Amino acid sequence: MALGDYLYGKIGWPANSGPGEEESMDQASVKGNGAVVQREEFGVSQLQVVKETAATAVAAREKAAVEARYIMAMNRPRNIEYARQQLLKACDNKTFALSSWYKIPNRGEGFTIRFAEEALRCFGNVFPETMTVYENEQLRMLRITVTDLESNLSYSSEIIIQKTIERKNSQGRAVIGERLNSSGEKVFIVEATDDEVFLKQNILRSKAIRTDGLRLIPSWLKDEAKQHISNAMQKEI
């Protein structure tokens, strides 16, 4: 059976189409880099002719990955009571509790990055994503997005990583400038190495995920977790 006949039987042709269209469709499936593919997504099935290029392949891969995450979230929705039990169980552990709450004089207090990671793991169906928005020799700008795959609710932040670092000793470093720190000591602004930039990026990225991710956790659950953390801190080891 010719491909044109198969397509005609499956989806039909417009009223003004004729053998010429069927023949061109059949030839498109076997000539050049084109191919007729069947796509099934969210209950919809369709046939289309595509030309394979590197950009097309990458776009298709990313689209498939995104769709897979949402489909998995639809097939395995979170159990909020189970998530609550898992999170509070972790908060009852004194070792975890001590790493879940920070308190810095003159700067405030709150949940730590470690708590946010555990909360998002227990909550489930949450996807954090990092995208490079802009980069040059001086800085790198990233957009951090945390998405609830069930409600399709996202929170995002943009962070800027300066490719410089401050050092008291500038020996062997490319000096860009200098300044006086809060203690009145002179420090040098030098070019950061790749490892130093990577470390700064991870720190800022984790903070952004904590801030945006905790916005997805219900406030009543965070209040309950805070109480369990406080109780666990007072326990004897």
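Everything here concerns the structure above.
Every chain begins its residue count from 1, and numbering advances along the sequence as written. Restriction of local features to residues with pLDDT of at least 70 applies here, the model being predicted, together with a cutoff of 80 or more for giving and counting side-chain atom pairs; totals for whole chains, interfaces and linings are based on all residues. For the side-chain quantities, the full set of heavy atoms in the structure was used; hydrogens and water were omitted.

All right, on to the environment of Lys163 then. The residue Lys163 is located in the loop between strand E7 (153-162) and strand E8 (164-167) in this model. For each residue, the accessible area found with a 1.4 Å probe, counting protein chains only, is set against the maximum for its type, and the residue is called buried under 20%, exposed over 50%, and partly exposed in between. According to the relative accessible area criterion, Lys163 is buried, its value standing at 17%. The sequence separation of Lys163 and Phe198 amounts to 35 residues, and the corresponding C-alpha distance is 9.6 Å. Think of a polar contact as two N or O atoms within 3.5 Å of one another; within protein, one of them needs to be a possible hydrogen donor and the other a possible acceptor, and neighboring residues in sequence only count if both atoms come from side chains. Here the side chain of Lys163 touches Glu135 through a polar contact of 2.8 Å, side chain to side chain. Secondary structure elements are taken from DSSP: a helix is a run of H or I of four residues or more, a strand is a run of E of two residues or more, and numbering for both begins at the N terminus.

Another point: the sheet that holds E7. Note on pairing: DSSP must find at least two bridges between two strands before they are called paired. Read from one edge to the other, the open sheet built from 3 strands follows the order E5-E6-E7, with strand pairing classed as antiparallel. Edge strands, defined here as strands with exactly one partner in the open sheet, are strand E5 (126-135) and E7. When strand polarity is set aside, the average angle formed by the axes of neighbouring strands in this sheet is 20 degrees. Direction of pairing for E5 relative to strand E6 (residues 139-148): antiparallel, over a ladder of 9 bridges. Among the inter-strand pairings, Phe127 is bridged to a residue of E6, identified as Thr147. Should any heavy atoms of two residues lie within 4.5 Å, those residues are considered in contact. Orientation is described by axes fitted as lines to C-alpha atoms, over the contacting stretch for helices, and by angles from 0 to 180 degrees between their N-to-C directions. Relative to the sheet, helix H7 (residues 194-214) contacts E5, E6 and E7, its axis offset from that of E7 by approximately 155 degrees.

Another point: the pattern of salt bridges. Salt bridge criterion: a side-chain nitrogen from Lys or Arg within 4 Å of a carboxyl oxygen from Asp or Glu. Scanning all chains against the criterion turns up 15 salt bridges. Each member of the salt-bridge network shares a partner with another, and the members are Arg78, Asp148 and Glu150.

With that settled, the discussion passes to the side chain of Glu118. Tracing the backbone through its elements, the reader meets Glu118 in helix H6 (residues 113-123). Classification of Glu118 by relative accessible area gives buried; the value is 16%. For Glu118, the residues in contact, after removing those within four places along its chain, are Leu87, Ala90 and Phe96.

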